[in-house]
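Commentary on secondary and tertiary structure
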Amino acid sequence: MKPLSPVVIGSLLILAWPSAHAADGQKIFNQGGQNPAAMACLGCHGPDGKGVAAAGFPRLAGLPAGYLAKQLEDFRNGSRKQPVMEPLAKAMEPAEIQAVSAYLSQLPADTAPDTRRQQIATDPVTRLALYGDWNRQIPGCVQCHGPGGSGIGEHFPPLAGQPAGYLVAQLNAWRDGSRSNDPNQLMVNVAKAMTDAEIKQVADYFAQLSRPEVKP
Ligand code: HEC
Ligand code: HEC
C-alpha cells in the first residue's frame with residue numbers, strides 16, 4: 001500500500017478538526033454559550049424550541065439552519081435591531097451560531113400546515129395571504145413563504161404557527177426600519193403597503209393556521 005500523501009493527510013486533519021472542536025448546539029440551547037451573556041435559549045423559546053405564544057417569543061424548532069444563522073448574524077451586524085436578541089447574539093461565537101442553528105433545525109416543529117385552506121379564498125384576509133393585492137404590488141404571502149406559510153428552503157421562513165404578536169412585531173419592524181435585513185427589500189415593500197388592520201389580521205391568520213386542532 002502506498003503511504004498517504006501529505007495532501008491526503010492534510011485533508012483528513014481538516015475533516016477531523018471541526019468535529020473535535022465543534023460547539024455543542026444542544027448544550028447551547030439548554031445551558032447557553034461560553035459567554036454568560038449568550039443565555040440559554042430554552043428560557044424564552046420554550047423547552048422544545050416551539051416558542052411561547054403569549055409572550056410573542058418565536059418558534060425556532062424546525063426553522064432552516066441557514067435562516068436561523070442569518071438572523072443571529074443580522075442581530076450582530078445591526079440590520080435587525082431588538083433589545084433582547086442583539087446583545088445575546090453578539091455574545092455568541094460564529095461556531096456557536098452554526099451549532100445551535102443546526103441543532104434547532106433538527107427539532108420537530110409539530111406544525112403540519114393545513115394546506116386545504118389554500119384552495120378557495122373568499123374572505124379578504126385569506127385572499128391577501130394567498131393571492132396578495134396586485135393593485136398595491138403586494139404578492140401573496142404564500143408565494144414566497146410556501147403553501148400554508150410552511151416556509152421554503154433556507155431563505156423563506158415559515159409563518160405558520162408563529163405567535164401572532166411576533167409576526168406583527170416583525171412587519172412593524174420593517175415599516176419602522178428596525179429590521180432591514182431582507183434580501184432585495186422583499187419584505188419592507190410588502191410591509192409598507194399593508195394597513196395596520198391587515199397586518200394584525202394576516203398575523204392572526206398564519207398564527208392559527210398550523211395548529212393541529214384547527215380545521216377549516
Ligand atoms: C430573554 C429571552 C430570550 C432568550 C434567552 C433567547 N431569545 Fe431568541 N428571541 C427572543 C425574542 C423576544 C425574539 C424576537 C425578536 C424580534 O422581535 O425581532 C427572539 C428571536 C430570535 C430569533 C429570530 C427568529 C426568527 O424567526 O427570525 C432567533 C434565531 C433567536 N431568537 C435565537 C435564539 C438563540 C439561538 C438563543 C439561545 C442562544 C436565544 N434566541 C435566546 C428572546 C430570547
Ligand atoms: C417576494 C417574497 C416575499 C413575499 C411575497 C412575502 N415575504 Fe415575508 N419574507 C420574505 C423573506 C425573504 C423573508 C426573510 C427575510 C430575512 O432574511 O430576514 C421574509 C420574512 C417574513 C417574516 C419574518 C419571519 C420571522 O420568522 O421572523 C414575516 C412575519 C413575513 N415575512 C410576513 C409576510 C407576510 C404577512 C406576507 C404577505 C402579506 C409576506 N411575508 C410576503 C419574502 C417574502
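Structural data are supplied above this passage.
Report on the accompanying structure. Residue numbers restart at each chain and count upward from 1, following the sequence in its written direction. As a convention, the first chain written is A and the first ligand written is 1, with the rest following in written order. Local features are withheld for residues below a pLDDT of 70 in this predicted model, meaning they are given only at 70 or higher, and side-chain atom pairs are given and counted only at 80 or more; totals for whole chains, interfaces and linings count all residues. To get the side-chain values, take all heavy atoms of the structure and skip hydrogens and water.

Some remarks on the overall build of the chain
Secondary structure is summarised from DSSP: a helix means a run of H or I of at least four residues, a strand means a run of E of at least two, and numbering begins at the N terminus for each. Helix and strand content of the chain: 11 helices and two strands. N-terminal to C-terminal, the α/β element order of the chain is α-α-α-α-α-α-α-β-β-α-α-α-α. Working definition: with a 1.4 Å probe on protein chains only, accessible area under 20% of the residue-type maximum means buried, over 50% means exposed, and in between means partly exposed. Taken across its 216 residues, the chain has 41% of its residues classed as buried. Under the convention used here, a 1.4 Å probe and the Shrake-Rupley method define accessible areas, while residue burial counts only the protein chains that appear. Accessible area for the chain stands at about 12000 Å²; split by element, carbon and sulfur atoms hold 61% of it.

Some remarks on the pattern of salt bridges
Only one rule defines a salt bridge in this text: a Lys or Arg side-chain nitrogen within 4 Å of an Asp or Glu carboxyl oxygen. For the coordinates displayed, the defined rule picks out eight salt bridges. Linking Lys50 and Asp48 is a salt bridge whose minimum nitrogen-to-oxygen distance equals 3.8 Å. Residue Lys50 is classed as partly exposed on the basis of its relative accessible area, which comes to 29%. A relative accessible area of 36% means that Asp48 is categorised as partly exposed. Of the charged contacts in the structure, one is a salt bridge between Glu86 and Lys90, with a shortest N-O distance of 3.7 Å. Residue Glu86 and its partner Lys90 are both found in helix H5 (residues 85-90); the two are separated by four residues, about one turn of the helix. Residue Glu86 is classed as buried on the basis of its relative accessible area, which comes to 18%. A relative accessible area of 47% means that Lys90 is categorised as partly exposed. Within the structure, one salt-bridge network assembled from shared partners comprises Asp133, Arg136 and Glu198.

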